[in-house]
Amino acid sequence: MPAHVTPPAPMPKDVYYFGTCLVDLFFPDAGLAGMELLKHQGIRVVFPQGQSCCGQPAFNSGHKSEAREVARAQLNAFPEDWPIVVPSGSCAGMMRVHYPDLFKGDRDEDKAVAFASRVFELSWFLVHVLGLDTKLVDKGEKVTVTWHGSCHSMREMGVVDEPKRLIRALSNVTLVENPREKECCGFGGTFAVRQPEVSAAMVADKIDAIEQTGATRVVSGDCGCLMNIGGALDKAGKPTKPQHLAEFLLERCHGR
Amino acid sequence: MSSARANILARLRAAPKVPAPERPDWQAQGFNDRLDRFRMMLEAVHGEVHVVTDETWRAHLRKVLAEKNIGRVLAAPHLGVDWDDQVAYDSPVEDFKDQLVSGIDACVTTTRGAIAETGSLVLVPDSDEPRLSSLLPPIHVALLKAEDIADNMAQIMEAQGWAASMPTNLLLISGPSKTADIEQTLAYGVHGPKELIVLVLQ
Amino acid sequence: MGADFSTRAHDALNNPQLRANFRRAMDGLMTKRAAQFEDQDNWNALRARGAAIKARALARLPDLLEEFEQKASANGIIVHWAETTEDANRMVLEILNSHGAKKVIKGKSMVSEEMHLNAHLEAHGIRAVESDLGEYIIQLAGEAPSHIVMPCIHKNKGEIAQLFTDNIDNQPYTEDVDALTAAARQVLRREFASADAGLSGANFLVAETGSLVLIENEGNGRLSTTLPPLHIAVAGIEKLVEKLDDVAPLLALLPRSATGQAITTYVNMISSPRKPGEKDGPRQVHLVLLDNGRSRVYADEQLRDTLRCIRCGACMNHCPVYSRVGGHTYGSVYPGPIGKILTPQLAGLDCAGDLPHASTLCNACVEVCPVQIPIADILVRLRTEAAEPSASTAVKGAGSGHSAVESAVWKGWQAMYANPAAYKIGTKALSVLGNLIPAAAPLLKQWTSVRTKPKFAGKTLHQLAREKGYDNE
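S.K.: Where do I start with the overall build of chain C in this structure?
M.R.: Each helix and strand in chain C was counted, giving 23 helices and 10 strands. Over its C-alpha atoms chain C spans a radius of gyration of 26 Å, differing by no more than 12% from the 23 Å that the globule rule assigns to 473 residues. Taken along the three principal axes of its C-alpha coordinates, chain C extends 90 × 55 × 45 Å. Of all intrachain contacts in chain C linking residues separated by at least 6 positions in sequence, the fraction that spans at least 24 positions is 73%.

S.K.: Would you explain the overall build of chain B in this entry?
M.R.: In terms of helices and strands, chain B carries five helices and 12 strands. Principal-axis analysis of the C-alpha atoms gives chain B an extent of 65 × 45 × 40 Å. Within chain B, counting contacts between residues at least 6 apart in sequence, those at least 24 apart form 70% of the total.

S.K.: Is there a simple way to explain the interface of chain C and chain A in this structure?
M.R.: Size of an interface, as often reported, equals the accessible area lost when the parts are brought together. On the side of chain A, 59 residues touch chain C, which itself brings 57 residues to the contact. Of all the secondary structure elements, the ones that give two or more residues to the side of chain C that touches chain A are helix H1 (5-13), helix H15 (322-325), helix H18 (364-368), helix H19 (375-387), helix H20 (404-417), helix H21 (420-433), helix H22 (444-447) and helix H23 (461-467) of chain C. When the residues that make up the side of chain C that touches chain A are grouped by side-chain class, the tally is 30 nonpolar, 16 polar and 11 charged.

S.K.: Explain the arrangement of the chains here, please?
M.R.: When the two pairs of chains in contact are ranked by number of contacts, first place goes to chains B and C. You won't find any contact between chain A and chain B; their C-alpha atoms come no closer than 17 Å.

S.K.: Whenever I open this one, the interface of chain B and chain C confuses me. Can you help?
M.R.: Taken together, the 63 residues of chain B in the interface contact 78 residues of chain C. Per element, the largest residue contribution to the side of chain B that touches chain C is eight residues, and it comes from helix H1 (residues 2-14) of chain B. The residue makeup of the side of chain B that touches chain C, split by class, is 36 nonpolar, 16 polar and 11 charged. Taken together, the five bridges between strand S9 (residues 169-173) of chain B and strand S9 (residues 266-270) of chain C define a ladder with antiparallel strand orientation. Note that in S9 of chain C the partner of Leu171 of chain B across the bridge is Asn268 of chain C.

S.K.: I tried to follow the packing of helix H2 (residues 16-36) of chain C against helix H12 (residues 247-259) of chain C on my own but got confused; where do I start?
M.R.: The geometry of a pair of packed helices is captured by two quantities: the angle between their axes and the separation between those axes. Residue and element names in this part refer to chain C. Where H2 meets H12, the axes come as close as 6 Å, and the angle between the chain directions of the two elements is 145 degrees. In this structure, H2 contributes Leu29, Lys32, Arg33 and Gln36 to the contact, and H12 contributes Arg256, Ser257 and Thr259. Split by residue class, the contact of H2 with H12 holds one nonpolar, three polar and three charged.

S.K.: What is the right way to look at helix H2 (residues 28-40) of chain A in this model?
M.R.: Structural remark: α-helix, 3.6 residues per turn; residues separated by three or four positions point the same way. All names here are of chain A. Taking 1.5 Å of rise per residue, the 13 residues of H2 would be expected to cover 18 Å, and the 18 Å separating its terminal C-alpha atoms lies within 8% of that figure. Three or more residues of H2 are buried, namely Pro28, Ala30, Gly31, Leu32, Ala33, Gly34, Met35, Leu37 and Leu38. Positioned one or two residues after H2, Gly42 has a phi angle of 80 degrees, which is positive.

S.K.: Please clarify how the nonpolar core should be interpreted in this entry.
M.R.: Generally speaking, soluble globular proteins have nonpolar side chains that are buried together. Ranked by internal contacts, the top residues of the largest apolar core, which has 293 residues, are Val85 of chain A together with Val104, Val213, Val234, Val288 and Ile375 of chain C. With residues near it in sequence (within four places) discarded, Val234 of chain C still touches Ala88, Val92, Ser109, Val111, Ser112, Met115, Gly201, Val288 and Leu290 of chain C.

S.K.: Would you take a moment to explain the domain arrangement of chain C for this structure?
M.R.: Residue and element names in this part refer to chain C. Domain boundaries assigned for chain C yield domain 1 (1-36 + 310-402), domain 2 (49-292) and domain 3 (411-467). Its C-alpha centre places domain 1 at a distance of 24 Å from the equivalent point of domain 2. Of all the secondary-structure elements, those providing two or more residues to the side of domain 1 that touches domain 2 are H2 and helix H14 (314-317). For the side of domain 1 that touches domain 2, the leading source of residues is H2, giving 10 residues.

S.K.: I would appreciate a short explanation of the sheet that holds strand S2 (residues 44-46) of chain A in the present structure.
M.R.: Neighbouring strands of a sheet are bound in pairs by backbone hydrogen bonds; such pairs are parallel or else antiparallel. Residue and element names in this part refer to chain A. What the four strands build is an open sheet, ordered S2-S1-S3-S4; its pairing is parallel. Every interior strand has two partners, whereas the edge strands, S2 and strand S4 (119-121), have only one. Ignoring strand direction, the axes of neighbouring strands in this sheet form an average angle of 35 degrees. The pairing of strand S3 (residues 84-86) with S4 spans three bridges and is parallel. Within S4, the position partnered with Val86 by the bridge is Glu121. Across the sheet, helix H5 (residues 89-102) lies against S3 and S4, angled at about 155 degrees from S4, the strand it touches most.

S.K.: I tried to follow the pairing of strand S1 (residues 14-17) of chain A on my own but got confused; where do I start?
M.R.: When a strand is regular, its side chains alternate between the sheet's two faces. Residues and elements named next belong to chain A. As defined by bridge partners, S1 adjoins S2 across three bridges and the pair is classed as parallel. Within S2, the residue paired with Val15 across the bridge is Val45. Here S1 pairs with S3 via two bridges, running parallel. Paired with Tyr17 across the bridge in S3 is Val85.

S.K.: Which parts of the structure should I look at to understand the sheet that holds strand S5 (residues 143-148) of chain A?
M.R.: Residue and element names in this part refer to chain A. Read from one edge of the open sheet, four strands run S6-S5-S7-S8, paired in parallel fashion. The open sheet has two edge strands, strand S6 (173-175) and strand S8 (241-244), and neither has a second partner. Sheet twist, expressed as the mean angle between neighbouring strand axes with direction ignored, is 35 degrees.

S.K.: Would you explain the environment of Leu93 of chain C in this entry?
M.R.: Residue and element names in this part refer to chain C. With respect to the helices and strands, the residue Leu93 is situated in helix H5 (residues 85-98). Between the C-alpha atom of Leu93 and that of His124, which follows or precedes it by 31 residues, the distance is 8.1 Å. Non-local contacts of Leu93, meaning those with residues more than four positions away in its chain, are made with His120, Leu121 and His124.

S.K.: Is there a simple way to explain the packing of H2 of chain A against helix H13 (residues 245-254) of chain A in this structure?
M.R.: Residues and elements named next belong to chain A. For the pair H2 and H13, interaxial distance at closest approach is 8 Å and the crossing angle is 55 degrees. Taken together, the axes of H2 and H13 are oblique relative to one another. In this structure, H2 meets H13 at a crossing whose hand is left-handed. Contact residues: H2 offers Asp29, Ala30, Ala33, Gly34, Glu36, Leu37 and His40, while H13 offers Ala246, Glu247, Leu249, Leu250 and His254.

S.K.: Help me out: how do you make sense of the pairing of S9 of chain B in this one?
M.R.: All names here are of chain B. Among the five residues in S9, five count as buried, and that is most of the element. What you see with S9 is no split at all: Asn169, Leu171 and Ile173 on one side and Leu170 and Leu172 on the other are buried throughout. Relative to S9, strand S6 (residues 120-123) is paired through three bridges, and the arrangement is antiparallel. What sits directly across from Leu121, in S9, is Ile173.

S.K.: Quick question: what am I supposed to make of helix H4 (residues 93-102) of chain B here?
M.R.: All names here are of chain B. Listing the buried residues of H4 in full gives Val93, Phe96 and Leu100. Down the axis, H4 shows its buried residues gathered within 75 degrees of arc, on one side only. Away from the buried face of H4 by more than 90 degrees, exposed residues Glu94, Asp95 and Asp98 are located.

S.K.: Would you mind showing me how to read unusual backbone geometry here?
M.R.: It is generally the case that most residues other than glycine have a negative phi and that most peptide bonds are trans. Residues and elements named next belong to chain C. With a phi close to 70 degrees, Asn363 is a non-glycine residue in the positive phi region. Looking at the secondary structure, you find Asn363 in the loop between helix H17 (349-352) and H18. Despite not being glycine, Leu443 shows a phi value in the positive range, around 75 degrees. Mapped onto the fold, Leu443 is located in the loop between H21 and H22. Overall, the presence of 13 C-beta atoms within 10 Å leaves Leu443 in the partly exposed class.

S.K.: Teacher, can you tell me more about the confidence of the model for chain C here?
M.R.: Detailed reading of predicted coordinates is not advised where the pLDDT is low. Within chain C, residue pLDDT values average 96, and 100% of them lie at 70 or more. Overall fold confidence for the complex sits at a pTM of 0.96, while the interface term, ipTM, reaches 0.98.

Here is what the cut-offs are and how they apply
Residues numbered from 1 in each chain as written. Chains lettered and ligands numbered in written order. Predicted model: local features only at pLDDT ≥ 70, side-chain atom pairs only at ≥ 80, totals over all residues. Helix = DSSP H or I, 4+ residues; strand = E, 2+ residues; numbered from the N terminus. Rg over C-alpha atoms; globule rule 2.2 N^0.38 Å. Contact = placed C-beta atoms within 7 Å. Nonpolar A, V, L, I, M, F, W, Y, C, P; charged D, E, K, R; others polar. Pairing = 2+ DSSP bridges. Axes fitted to C-alpha atoms, helices over the stretch in contact; angles between N-to-C directions. Expected span 1.5 Å × (residues − 1). Buried ≥ 20, exposed ≤ 12 C-beta atoms within 10 Å, placed from the backbone. Core = buried A, V, L, I, M, F, W, Y, C linked by C-beta atoms within 7 Å. Domains from an automatic or database assignment. Parallel < 35°, antiparallel > 145°, perpendicular 65-115°, else oblique. Left-handed = near helix turned anticlockwise from the far one by under 90°. Arc of directions from axis to C-beta. pLDDT = per-residue confidence, 0-100.

See the structure below:
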């Protein structure tokens, strides 16, 4: 299932950035941080203004034709043969793993297959293409953080250790792993409102486990999880702050 | 009923045909010291392994039975088990059931071999050692020749040609009867033997 | 017990004892399984083999069923075919009646649960006694299994101790597990000795040899299939494997995935009734092959993968939803992720349409499934069949989840998100005005029960990218 096999060769000069709809409205600073990290490595980052959403909300709700039309708009918004870097394992998984099936038998099937093969999750791209884990210079204060791995990032995109490699590369950061790191936080898109009580129980356990690490920050690569975990931490009055990995790295290394 | 058969098969045959995939390669484990692996695996599931020889096993068995205060032993006469209070399973279960269910303390059976990987005995019950012998008495003593321990199930199945002539019943036994149905706590002897003792003849 | 998943989940979530029982049990099972598959390369090769064996058997299913029937019949096993659970119940009853059987001792069988066989037999004057310890316990409690491998996993030993004291003559209250187990052994041994028939399921049916393969730890399965004079097995038609040597890799997967055991205590291969000269074993062996919707599932190439399941329960052990709400919340015989895809297909989306939505699609089940069933993809497929049915006739109750309001919402969503100009206007409006939406608004109300309201950022990433001078093409 891990979707990534080999980094694009040769090293790309230009990359596309797909910000995701959730980041666009709620976490634009996290999105921008990812773009800045790429730019700092000398890459030209192109952000097509015609992009919107990967289509996953409708796809997972069983509304495939609506999902397909929204996905088609993305196929058209990223015409050049450049890598498409995504600061979300879940949206990346939708595009990388599910687009080929979503467009099976469709006039744009070939386009969708080619598009899917160009999709990369941000932390994976930072580590395997840019080698950022060997280049990071930590300028921040001492801090203890914990990592939350998103389900789709781990299980659809095969991104498990990359984000932690980046965090461990920061000299003043102590990473305390949560023994239930791989357990779903209970977001699940519409699940959170279709099964609110089960979702609430899951996120309650998640924030308990995070609190037990003693971390002052919980870092993740998916804003869906961060919205869920962060909202629950906030409502419960817990001091731990949620932060996207890109924003965290940028803040530590380039001060922001 | 035959219409049910015809209907089910017709529905299955009407379904889209997909090519049958080939079986990708997978190798079960092999072991330098099969007895060692067998012993480790069986002991891990509460079985006992005693290494003996053709000459010593009867005396050793006698000692084990005495230590465990065994009364009546079930064994096929041709085994020559050295124990006074001994019965044979020499009539159909219908006539032997009462004794078998509650009147026997231990049984001794042979084995067809064993599997090192999982610590499993292979038993093929026959008219000398019927199916219930290894199941109803609280203690099961099994005789195993060391050279009959195979690496894994695939190997022994192939070597002994199981597929060509499956007996009425073929058993793999890996330890005493157990359950973890109450709070994941292991308890032995829930229905079958509480103890499994393997005498390996070397 | 509530009528749908949400209300049953509400009850379960508010039962701290139940939640503690499941959490402890699932944590233990996950740890034990992980220890069995530390070598990732071997695990990947093994599960690929397991998946291929089951896929191969399914691809050849009608032929293998016929081959199995021919071999088993030649061995003296009487094979019956049942299209529905009603038919299967009737067949079992007829066989029992023809032998004058009044008491059946049962080994653990999920298919017999699917048939609700015990109730059917009781209604016709035949007593069915469960002999698997877990099944015996829940039979005493008058409950259904809450897990396919560990049926009484929802109970703690205090509850079980009380059940035993209330139901077993002269049984003092004790929470000692060995003492409880010994008490059950004594009661059930008498039941075995006096049973007129034994009933079991089957884990695998081997076409090549006409054999039934049953695995278990307790020995009650062996007793049920050996001591009474009559043995009746019930099994789904998907249990077929092609060759006897297909059993080895599947056995290397099933117990390790289920309970983290290298192998079960007993692997019981039955190929015929008692032969002349043999001293024990049933004089007749019957096998009832049950369809009950499986051939309909089979008609769809994607959904067919559901039938690979070898009932190890790893998907439920690793499911963050199951581990919090327990098996009874699913309201069906098969709980957890496999139940979420199997039940709506067997019973129909019109009967169990809420199940495919009771998942975050976290893929934890997919990661551990020993036969690589794409559970998450099938969940999404079933959601789609409910909302906007395809041409496939494989899903009963397709379209039953269609809602005009919901469809209109998604059409509206598409109108905004598939059109860059509309998206630009829409997101600009939301980023400015979105925070005015009250927390009590539909959907937000559920969200904000345990979380604060998400905050619109004021400027979108689209705006920030333009302001920072990022190229558009």
